[in-house]
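# Architecture at a glance
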Amino acid sequence: MSRPTAILVAMAVLAADPGAHAAAGPQIPGIPKSKQLTDLMKRADQLRDLVITEEEEIKLGAGVSERVRERYGVVQDAAVHRYVTLVGALIVKKSTRPNLPFRFIVLDTDGVNAFAAPGGYIHITRGALGLMATEAELAGVLAHEISHVTEKHTISAIQKNKMIQIGAEESITKNPELWGKLVDVTSDLVMAGFGRGEEMESDRDGLAMAEAAGYSPAGLGEFLKRLSERNQNTSGKQGLFASHPEMKERLATLDKEIRARKYSSAVVLGDRYRANISYTAKPVTEIATIEAGSAGLAGSTKKPAEAEKPAEEPKKKGFGLSSLIKPAGTEKKSAEVTGSAASRGVDTERNAKGGPVKTMVAVKVSPAELDAFRKEGNLKS
C-alpha cells in the first residue's frame with residue numbers, strides 16, 4: 001500500500017466510527033485522538049498532484065531530449081538543422097505558444113520517426129526527412145508535433161494518471177530523486193506515443209497551423225500515404241505515428257477537416273525541399289536495428305531478416321506503460337498513452353540503430369532571416 005493510500009485508509013477508519021475508538025482508547029498512547037486525526041488530515045492535504053511551471057517544463061524537455069539524443073544520435077549537419085528550424089519556426093509563429101523557445105533536432109537514424117518532448121524539443125529522424133518529398137510535408141509533420149507541445153499532452157498524461165505526487169511545500173526541481181523519476185516517466189511517454197484523442201487533436205491543430213503559415217495542409221496526408229505504402233508489407237505498425245488511429249480512417253478525417261474548414265493554402269515547395277534535404281529513406285527490411293533488450297546505446301548491424309529473433313522494444317525500468325493502455329473509441333481528448341511493443345508488434349523503425357554523436361547542433365535564426373525565408377517561399381506573414 002502506498003503512503004497516500006495508507007493515509008486515506010487511516011482517515012476513513014478514524015472517521016467511520018468515532019465511538020468505537022473512544023471505547024478502545026487512543027491508538028497512540030499519550031496523543032489525543034483529535035490530534036491524530038488532525039495530523040493525518042494535514043499529511044493527506046500536503047500531497048498534491050504534479051504542477052509544472054513553464055520553466056520546469058523546458059527543463060524537463062531538455063532532460064527528455066538528452067535521452068532521445070543518446071538513443072538515436074544527432075545529425076551533425078548545421079545546414080540541415082537550419083532548414084528544419086526555419087520551417088518549424090514559421091509554424092511556431094502560428095501556434096498557441098509562439099514565445100516558447102522551440103528547438104528542432106534531426107536524429108541520426110534510418111528509422112522514420114518523430115518525437116515531441118515538453119518545452120518545445122521537436123525531434124525528427126534522418127529517415128523521416130528522406131521519406132518526405134516537399135516542404136509542405138515537413139511543415140505538416142512538424143506542426144503535428146508542435147501541437148503535442150502546445151497542448152501539453154505528455155504533462156497532461158502524467159497529471160491525469162497521477163504518476164507522481166509531491167508534498168505541497170516540495171520543489172520538483174530541488175529533489176534529484178523525484179526529478180529523475182519525472183524525466184524517466186516523461187521519456188517513456190514520449191517514446192511510446194500518445195492516445196487516439198491527442199493524435200486526432202494534433203492532426204487538426206497541425207492542419208490549422210500549416211494553413212495559417214501558407215503551406216498546403218494536404219502535406220501531412222501526402223506523407224502519411226507514402227509512409228503507409230512503405231509499411232504495407234510489414235507485420236505490425238512501424239515508426240512514426242505507429243500508435244495513431246488506423247491510417248485509412250485517419251486520412252479520410254484529414255481530408256474531411258480540410259474541406260469542412262475550407263482551407264485553401266497551396267504552397268508545396270518541392271524544389272526547395274530537395275535543394276536542402278538529400279537523404280533517401282531505406283526500405284524497412286534494410287534498416288539496422290539495436291539488439292533486443294538493449295538500452296539503445298549500442299547498435300546491432302543485423303537486419304531483421306538476418307536475426308534469429310526480431311528486435312524488441314527495449315525494456316523500461318520502473319514505470320510500466322502497460323498500465324496506461326486504454327484504447328479510446330472517440331476523438332475526445334483523453335491524455336491516455338497507447339503503444340507497447342506487444343500491442344503494435346515489432347517496430348523496426350523505432351528500434352533502428354542510432355548514430356554515434358549525441359551533441360545537439362546549435363542553430364540561431366534571426367527574425368530577418370526567417371522573414372526572408374518566408375518571402376522566398378511565398379508563404380503567409
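We now turn to the structure provided with this report. (Residues numbered from 1 in each chain as written. Predicted model: local features only at pLDDT ≥ 70, side-chain atom pairs only at ≥ 80, totals over all residues. Heavy atoms only, no water.)

On to the layout of surface pockets, then. Here the idea is plain: a probe the size of a water molecule rolls over the atoms and shows the empty space left. The calculated volume of the second largest pocket comes to roughly 510 Å³. Every residue lining the second largest pocket is counted, 21 residues in all, and those nearest its centre are T85, A89, P101, F102 and F104. Listed by contribution, the elements that provide at least two residues to the lining of the second largest pocket are helix 5 (78–92), strand 2 (103–107) and helix 15 (367–376). Considering only residue class, the lining of the second largest pocket consists of 15 nonpolar, three polar and three charged. (1 Å grid on protein atoms, 1.4 Å probe; cavity = no way out; pocket = protein on both sides within 12 Å on 5 of 7 lines; lining within 4 Å. Points joined across faces, edges and corners; volume = space filled by probe spheres on them. Helix = DSSP H or I, 4+ residues; strand = E, 2+ residues; numbered from the N terminus. Nonpolar A, V, L, I, M, F, W, Y, C, P; charged D, E, K, R; others polar.)

Looking now at the nonpolar core. Core analysis: the biggest nonpolar cluster contains 51 residues, and V84, I124, L129, L138 and Y215 have the highest contact counts within it. For this core, the element with the highest residue contribution is helix 5, accounting for nine residues. Leaving out residues up to four positions away in the same chain, I124 has contacts with V84, I105, V106, L107, N113, A114, L129, M132, L138, V141 and L142. Formed by 27 residues, the second largest nonpolar core is a distinct cluster that contains Y72, I158, I164 and V190. (Core = buried A, V, L, I, M, F, W, Y, C linked by side-chain atoms within 4.5 Å. Buried < 20%, exposed > 50% of the residue type's maximum accessible area, 1.4 Å probe, protein only. Contact = heavy atoms within 4.5 Å.)

The next point concerns the sheet that holds strand 3 (residues 114–117). In sheet architecture, strand pairing relies on hydrogen bonds along the backbone and comes in two forms, parallel and antiparallel. One open sheet accounts for three strands, arranged 2-4-3; its pairing is mixed. Looking along the sheet, the strands with just one partner apiece sit at the ends: strand 2 and strand 3. The average angle at which neighbouring strand axes cross in this sheet is 15°, direction not considered. With four bridges joining them, strand 3 and strand 4 (residues 121–125) adopt antiparallel strand pairing. Its bridge partner being in strand 4, A114 is matched across the sheet by I124. Across the sheet, helix 5 lies against strand 2 and strand 4, angled at about 140° from strand 2, the strand it touches most. (Pairing = 2+ DSSP bridges. Axes fitted to C-alpha atoms, helices over the stretch in contact; angles between N-to-C directions.)

Turning our attention to the environment of S216. Position of S216 relative to the elements: it lies in the loop between helix 10 (196–213) and helix 11 (219–230). Along the primary structure S216 and A266 are separated by 50 residues, whereas in three dimensions their C-alpha atoms are 4.2 Å apart. Residue contacts for S216: discarding those within four places in its chain leaves A136, S265, A266, V267 and V268.

Turning next to helix 10. Along an α-helix, residues three or four apart share an orientation, since each turn contains 3.6 residues. The end-to-end C-alpha distance of helix 10 is 26 Å, a good match for the 26 Å that 18 residues give at a rise of 1.5 Å each. Burial runs high along helix 10: 14 of the 18 residues are buried. Among the residues trailing helix 10, G214 stands out with phi positive, at a value near 105°. (Expected span 1.5 Å × (residues − 1).)

A few words on the pattern of salt bridges. This structure, assessed with the given rule, holds 19 salt bridges. Several salt bridges share partner residues, and in doing so they unite D108, D110, R126 and K282 into one network. (Salt bridge = Lys/Arg side-chain N within 4 Å of Asp/Glu carboxyl O.)

This brings us to the pairing of strand 4. Among the five residues of strand 4, five are classified as buried, and the element is accordingly described as predominantly covered. Burial of strand 4 is two-sided: the residues Y121, H123 and T125 facing one way and the residues I122 and I124 facing the other way are all buried. Taken together, the five bridges between strand 2 and strand 4 define a ladder with parallel strand orientation. Along strand 4, the bridge assignment pairs F104 with I122. Hairpin remark: strand 3 followed by strand 4, antiparallel, with three residues in the connecting loop; positive phi at G119, about 80°.

This brings us to the packing of aromatic side chains. Each aromatic ring pair is described using two quantities: the centre-to-centre distance and the angle formed by the ring planes. Inspection of the entire model under this criterion finds four aromatic pairs. With centroids separated by 5.7 Å and ring planes inclined at 20°, the aromatic side chains of Y72 and F115 adopt a geometry described as stacked. Remark: F115 occurs in strand 3 and Y72 occurs in helix 4 (residues 54–72); sequence separation between them is 43 residues. The buried category is assigned to Y72, whose relative accessible area is 1%. (Phe/Tyr/Trp six-rings, centres within 6.5 Å; stacked < 30°, edge-to-face > 60°.)

Next up on the list: the packing of helix 10 against helix 12 (residues 247–260). At their nearest, the axes of helix 10 and helix 12 sit 10 Å apart, and the two run at 35° to each other. In this structure, helix 10 meets helix 12 at a crossing whose hand is right-handed. Residues R196, M200, D203, R204 and L207 of helix 10 lie in contact with helix 12, whose contacting residues are E249, R250, T253, L254, E257 and I258. Here the residues of the contact of helix 10 with helix 12 sort into four nonpolar, one polar and six charged. (Left-handed = near helix turned anticlockwise from the far one by under 90°.)

Once that is clear, we can look at the packing of helix 5 against helix 15. Their axes nearest at 10 Å, the elements helix 5 and helix 15 cross at an angle of 85°. For the element pair helix 5 / helix 15, the angle class is roughly perpendicular. Taking contact as the criterion, the partners of R82, Y83, L86, V87, A89 and L90 in helix 5 are, on helix 15, E369, L370, F373 and R374. Its residues placed into classes, the contact of helix 5 with helix 15 shows seven nonpolar, no polar and three charged. (Parallel < 35°, antiparallel > 145°, perpendicular 65-115°, else oblique.)

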